Every structure is written in structure tokens, then in C-alpha cells.
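# Observations on the model geometry
Chain by chain, the residues run as shown.
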Amino acid sequence: MISRQESMDGHTSQYGYAKNFRTALPQFIAVSVKNLLLLGYGMTLGFPTILIPAVKTPAVGEELHLTDSEVSWISSLNLIVVPLGCALSGVVTSPMGRRRAMQVVNLPFFIAWLMFHFSSTTEHLYGALILTGLAGGILEAPVLTYVAEITQPHLRGALTATSSMCIIIGVFTQFLFGLFMYWRTVALVNIILTVLAVIALCFVPESPHWLVSRKRYNDAKKSLQWLRGWTDATAVEEELRDIKALFKTKKAQSEDEETFLEKISNYTDKGFVLPFLLVSYSFFVGHFCGMTTLQTFAVSIFQMLEAPLNKYYATLILGVLQICGTVICVLLVHYTGKRPLTFFSTGAAGVCALLVAGYDGYIKTHDITLHSSANMTNMTSGSSPDVVINPYSWIPMTLLMLLALITHTGIRLLPWILIGEVFSAKTRSGGAGLASAVGYVFGFLTNKMYINMVDRFAVWGTYGFYGIVGLTGCIAFYFILPETEGKTLNEIEDHYAGRKRLTNAVYRSKKRPKTEISSMFENKGTINPSFEPDISKL
């Protein structure tokens, strides 16, 4: 058994586990296996990008030829049903466990890819899109709660941030596959990852918290041994004992089975409402600071702003910068905490959006264009110029590239990290699903409103609004966002329950001081709410 004194580097985490590579490796492996599922989900989001041009102007031999109206549904149908899947996610997946739920949700993905490959009618495409959207929503609760329940506090933020990174990489793979393969072939290739995810999930353990909630104590012990560095049974006895104590305490508090109204009351308590509002606002700022519409309408935006680079190459670079931003977030969040990254990303994104707005407004009121030498010859000879060159067109392109990089270092990933941390054990599955649904609704709204906003307010007005959202978000987060990096889940729950406020420092000390309040809760068996049984089955 590893003790605090036996740690080689002098650093230990809760329950005396050494903060070393051996302890972190199994948690990284388990999260990476889970990320295969998110990689596949990202592929479903990126697939319409290569599907739409293929069915709008089909090649010789392609039996599908869709109208503009039908194509418009392809770009949005899967996203419309995602919130429905999110809302059902906690209820559907909680009884079967985190790992099994993640395996089962691959079945609709498998069927959808086959439908895409063999589709011969528009209805086949629509059915496949509905399946991918519904499955994508349902996977939110098991994926997000699994990471929160298997990782230690000092690893949780960085490992949670990898989820968004894998979705973005999944989208990006479809851009690359579309360059080299026919869209029906891409659908078949994508099946490989779906099958791989199901097989890989067989080799990682179930959440020990869910196992204890089902009184499978031996399985929970084995899960903890695996997740804490393939250690011996005695090394996890303390953690397992706390899990059991908390579980029994909760059962003693509620001998009779909760009624439907009692379960609903868990979602009206301020311990749920406050974190739910925080996550929802994070989604609002993340979507309405300009990045969501840039990701969806990148080609047309670069074209409107006269980008000096091929608009398709610019879109490809945009995808690379998004991945780079998520990698930066993963690497830095443990050291800086979430608050500094959030302040930087929202503030800088707001400045970038305002500068884009200022550029667009300025060139519409000032003549800053230059003509090429060939055009000057034409003008001196009385001919009209055939090409007009804007020497400042690199400015908005650079700002939009920075916007993609900056937003993904913080605000675009923040709500997905918070979902796994801020909800109590009773509402974690349900809250993750409901909050994810709100996020997808905001994403749908910002894309739906974009064209009307540009028509009414032009580019400068639209990006001016995005800039204001970013800057006001930076100010608001200063007051409403607690620092959860390095904090245990019981400390976060106590904060929202009003028992003990979080500090804004990132814990990295060897041993945390106990206050009288925290000792009192410990004596009552409430060491870590993350170990409470997940009984949010509405």
C-alpha cells in the first residue's frame, strides 16, 4: 500500500495515492477508451460536410440527387434531435451503468453508418441522421459522469477537456477522408471505429461509484484497484470504505423509496439550479461569441471578408487551430485552473470579434482598396478594371483564426468540463443530460439566427454582438465562476449547497487542512459526494 510518506516525489492525493505516472496511467487509458466513442460522434457531426456536396451535385452513377430544401435538412436534422437524446440520457443510461451504456449507444451509430452506405432514398439519409443525433445526445450522461467518477481531482479537469478535443478531431477526420474517398466508402470506414470502441470498452472497469450503488462491493474494489494503478486490495480499502459509508448513510436517510415528486424536488433545489444556470450561461457565451457560426459557415464568411487564402484551405486551417486550442487547454488547465483560461478566452474572443466588426464597418465606409498594375493600365486606357485587390484582407482572416484558437483554450470546453463536476450525485446523470440539451439548443439557435443577423445587421453588427457577449461574459465569470480545478466533488457540492464556499486557488498541496466544517461532514460519512449512489432515475 502506498502511503503519503512513501511517495517518491513527496506528492500524494486523497487516500494516500501517490501522484505518479503509475497512478495516472490507468485513468488516462480508461478516459482514452471512452474518447473513442466521442471520436465516432465527432465523425457523425462532420460527415454531412462531405455528404451535402456529393448529393447536391452528384457524380455519374450516384442515384441520390437532393434539392436545396432537402439538403438544408441534412445540415440540421441530426442537431435538432440531439437535445431530445440529452434530456433522456440520464434516465435511459443510469440503470445499466456507465460502461454498458457507452457500449449500447454504439449500436445506433453502427446502424446509421450502414444506412448511409446503402441509402437509395432521401428518407434513408434522414433516418440515419436522426439515429446519429439521438445516439449522440444519449451518450452525454454516461460519458461525462464516467470521467468525473473514475478520475482523481488533480487529473479530472485535463482528462475531461480531452472529450471536446476528440469530437473536434472526429469532425476533422471527415474533412480529410472526404478528400481521398467517396462518401459511401467513408461511411463504411467509420464503422471500424464504432466496433473498436465497443471492444475496447470491455477492457476498462465500470465506475466504482455506480457499482457500490448496486451493492457490488467486490466489483467496486476491483475497479478501484485497476483505476488507482493496478494496486492491491489493501490500498483501496479506505476509499472503498468511504463509498460504502456514504451509500449506507444515504439509504438510512431515505428508508422508503423516493416518490416521483421527491425525485423532482432534487432538481428544484438551489444545489442543482445554481450550477445548472452556470453551465447554461457558459454554453450561451461559448456559442454566441462567434466560434459556432464560424465553424458552420466558415467558407461563406471567408468569402464575404475576401480572405487572401483559398476559402477551403482556410477552413482546413481553422480545424487545425481548433485542435491546437483544445490541446493547449488540456495541457494548461491543471496548472492555471479554469478561471484564468476562461477569462483569457472570453476576453480575447470578445476583442477579436469586435476588431472583425470594426474592420468590416470601416471598409464599408472608406475606400482602402488598391488596384493591380494590370488594372491601372486598363484604367489609363479607358477600360474598366477587372480585379480589385484589398491589401488589408489578411486582417479579418487572422482575427478569425485567432478566434478559433482562443475560444478552444477555454470557453468552448468550459461547460463540458463543468458538467461532470458541479452537479450533486443525485442529479449528476440527469443534470448532465439536461445541461447538454441546453448547449445544443444554443448551438442550433446561433446557427439558425446567423443568416438573418447578417442580412439585418451586416457582418459588423453580427460580430459586434458576438464581441459584446464575449467581453460581458469575461466580467460575469469573474463573479459567478468558482475555481473547481483540484477540488474534490464534495467541496464543489458543499459550495453550491451553501455549506462551505470554494476558494479560487488551485489545490496542489501535499495535505489539505481540515476545517471544523469539513471534519463534521466527514464524521457523518459525507467524504465525497462523487461516491454517492446515482439514484436520479426519473
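Residues numbered from 1 in each chain as written. Predicted model: local features only at pLDDT ≥ 70, side-chain atom pairs only at ≥ 80, totals over all residues. Heavy atoms only, no water.

### Looking at the overall build of the protein
In terms of regular secondary structure, the protein is built from 24 helices and two strands. Scored against the burial criterion, the 538 residues of the protein give a buried share of 55%. When contacts within the protein are restricted to residue pairs at least 6 apart in sequence, those whose partners lie at least 24 apart make up 78%. Accessible surface computed for the protein: about 23,200 Å², of which carbon and sulfur atoms make up 66%. (Helix = DSSP H or I, 4+ residues; strand = E, 2+ residues; numbered from the N terminus. Buried < 20%, exposed > 50% of the residue type's maximum accessible area, 1.4 Å probe, protein only. Contact = heavy atoms within 4.5 Å. Areas by Shrake-Rupley, 256 points an atom, 1.4 Å probe, with all protein chains shown as cover.)

### So, helix α22 (residues 428-480)
Along its 53 residues, α22 runs just 20 Å from first to last C-alpha, ending more than 12% under the 78 Å computed at 1.5 Å per residue. The sharpest bend along α22 comes to roughly 115°, located at Phe457. (Expected span 1.5 Å × (residues − 1). Bend = angle between axes of the 7 residues up to and from the residue.)

### Section: the pattern of salt bridges
Using the criterion set out here, one finds seven salt bridges in the structure. Here Glu421 makes a salt bridge to Arg156, at a shortest N to O gap of 3.1 Å. One end of the pair, Glu421, is in helix α21 (residues 414-422); the other, Arg156, is in helix α8 (residues 153-180), with 265 residues separating them in the sequence. Considered together, Glu421 and Arg156 belong to a single accessibility category, that of buried residues. For Glu485, the salt bridge is made with Lys338, and the minimal N-O distance between the two is 2.7 Å. Placement of Glu485 in the loop between α22 and α23 (489-497) and of Lys338 in helix α18 (residues 338-363) is noted, with a sequence separation of 147 residues between them. Here Glu485 matches Lys338 in class, with each residue buried. Salt bridges sharing partners connect three or more residues here, namely Arg156, Lys338, Glu421 and Glu485. (Salt bridge = Lys/Arg side-chain N within 4 Å of Asp/Glu carboxyl O.)

### What to know about the packing of aromatic side chains
Summed over the entire model, instances satisfying the criterion amount to 22 aromatic pairs. On the numbers, 6.4 Å between centres and 40° between planes, the contact of Tyr41 with Phe109 is tilted. With Tyr41 in helix α1 (residues 21-56) and Phe109 in helix α5 (residues 106-118), this pair connects stretches of sequence that are 68 residues apart. According to the relative accessible area criterion, Tyr41 is buried, its value standing at 1%. According to the relative accessible area criterion, Phe109 is buried, its value standing at 2%. Within the aromatic cluster, the residues linked to one another by ring pairs are Tyr281, Phe284, Phe288, Phe442, Tyr463, Phe465, Tyr466 and Phe477. Taking the ring centre of Tyr478 as reference, the NZ or CZ of Arg339 above it sits at 5.4 Å. (Phe/Tyr/Trp six-rings, centres within 6.5 Å; stacked < 30°, edge-to-face > 60°. Lys NZ or Arg CZ within 6 Å of the ring centre and 35° of its normal.)

### Observations concerning the packing of α18 against α22
For any two helices packed against each other, the geometry comes down to the angle between their axes and how far apart the axes lie. Axis separation between α18 and α22 bottoms out at 7 Å; the angle between their running directions is 160°. The angle between α18 and α22 falls in the class roughly antiparallel. As for the relative orientation of α18 and α22, their crossing is left-handed in sense. Of the residues contributing to the contact of α18 with α22, the split by class is 15 nonpolar, nine polar and two charged. (Axes fitted to C-alpha atoms, helices over the stretch in contact; angles between N-to-C directions. Parallel < 35°, antiparallel > 145°, perpendicular 65-115°, else oblique. Left-handed = near helix turned anticlockwise from the far one by under 90°. Nonpolar A, V, L, I, M, F, W, Y, C, P; charged D, E, K, R; others polar.)

### So, the environment of Arg428
For Arg428, the position within the fold is in helix α22. Residue classification places Arg428 among the buried positions, given a relative accessible area of 1%. For the pair Arg428 and Gly90, spaced 338 residues apart in sequence, the C-alpha separation works out to 8.1 Å.

### Overview of unusual backbone geometry
Phi is positive for Lys215, close to 60°, though the residue is something other than glycine. On the accessibility criterion, Lys215 (55% relative accessible area) is exposed. The phi dihedral of Trp230 is positive, around 50°, even though this residue is not glycine. When you line up the elements, Trp230 lands in the loop between α11 (217-227) and α12 (237-253).

### Quick notes on a nonpolar patch on the surface
A cluster of nonpolar side chains, contributed by Leu107, Phe110, Ile111, Val195, Ile199 and Phe203, occupies part of the molecular surface with about 550 Å² of accessible area. Only α5 and α9 (183-201) provide two or more residues apiece to the nonpolar patch. With three residues, α5 is the largest single contributor of residues to the nonpolar patch. (Patch = residues over 30% accessible without salt bridge, like charges linked within 9 Å, V, L, I, M, F, W, Y side chains within 5 Å.)

### Side note on the environment of Leu176
The topology assignment puts Leu176 in helix α8. You can call Leu176 partly exposed: its relative accessible area is 32%. In this structure the C-alpha to C-alpha distance between Leu176 and Ile50, which are 126 residues apart in sequence, comes to 9.7 Å.

### A word on the confidence of the model for the protein
This prediction gives the protein a mean pLDDT of 79; 82% of its residues lie at or above 70. Predicted confidence is poor over residues 250-256, with pLDDT under 50, and the contacts of this stretch with residues over four places away or in other chains come to two contacts. Predicted confidence is poor over residues 509-538, with pLDDT under 50, and the contacts of this stretch with residues over four places away or in other chains come to 78 contacts. (pLDDT = per-residue confidence, 0-100.)

### Here we look at the side chain of Ser163
With respect to the helices and strands, Ser163 occurs in helix α8. For Ser163, the contacting residues outside a window of four places in its chain are Lys34, Asn35 and Leu38.

### Side note on the packing of helix α7 (residues 140-150) against α22
Contact geometry of α7 with α22 gives a least axis separation of 8 Å together with a crossing angle of 125°. Put simply, α7 runs oblique to α22. Like other packed secondary-structure pairs, α7 and α22 cross with a definite hand, here right-handed. The segment α7 lies against α22, with Glu140, Ala141, Leu144, Thr145 and Glu149 engaging Arg428, Ser429, Ala432, Ser436 and Tyr440. Grouping the constituent residues of the contact of α7 with α22 by class yields four nonpolar, three polar and three charged.

### Considerations on empty space enclosed by the protein
All told, the structure shown has two cavities of 30 Å³ or more when counted by the stated rule. Taken as a whole, the second largest cavity encloses approximately 50 Å³ of empty space. Every residue lining the second largest cavity is listed: Cys329, Val333, Lys338, Leu341, Thr342, Thr409, Gly410, Leu413, Leu414 and Ile417. At the level of secondary structure, the elements contributing two or more residues to the lining of the second largest cavity comprise α17 (311-336), α18 and α21. Residue contributions to the lining of the second largest cavity peak at three residues, all from α18. Of the residues in the lining of the second largest cavity, the class split is six nonpolar, three polar and one charged. (1 Å grid on protein atoms, 1.4 Å probe; cavity = no way out; pocket = protein on both sides within 12 Å on 5 of 7 lines; lining within 4 Å. Points joined across faces, edges and corners; volume = space filled by probe spheres on them.)

### Topic: the nonpolar core
Counting 84 residues, the largest nonpolar core has Phe47, Ile74, Phe116 and Leu125 as the members making the most contacts within it. The leading source of residues in this core is α1, at 15 residues. Apart from residues no more than four positions distant in its own chain, Phe116 is found in contact with Phe47, Leu51, Leu125, Ala128, Leu129, Thr132, Trp183, Arg184 and Ala187. Within the second largest apolar cluster, 29 residues are counted, among which are Leu294, Leu318, Leu321 and Leu399. (Core = buried A, V, L, I, M, F, W, Y, C linked by side-chain atoms within 4.5 Å.)

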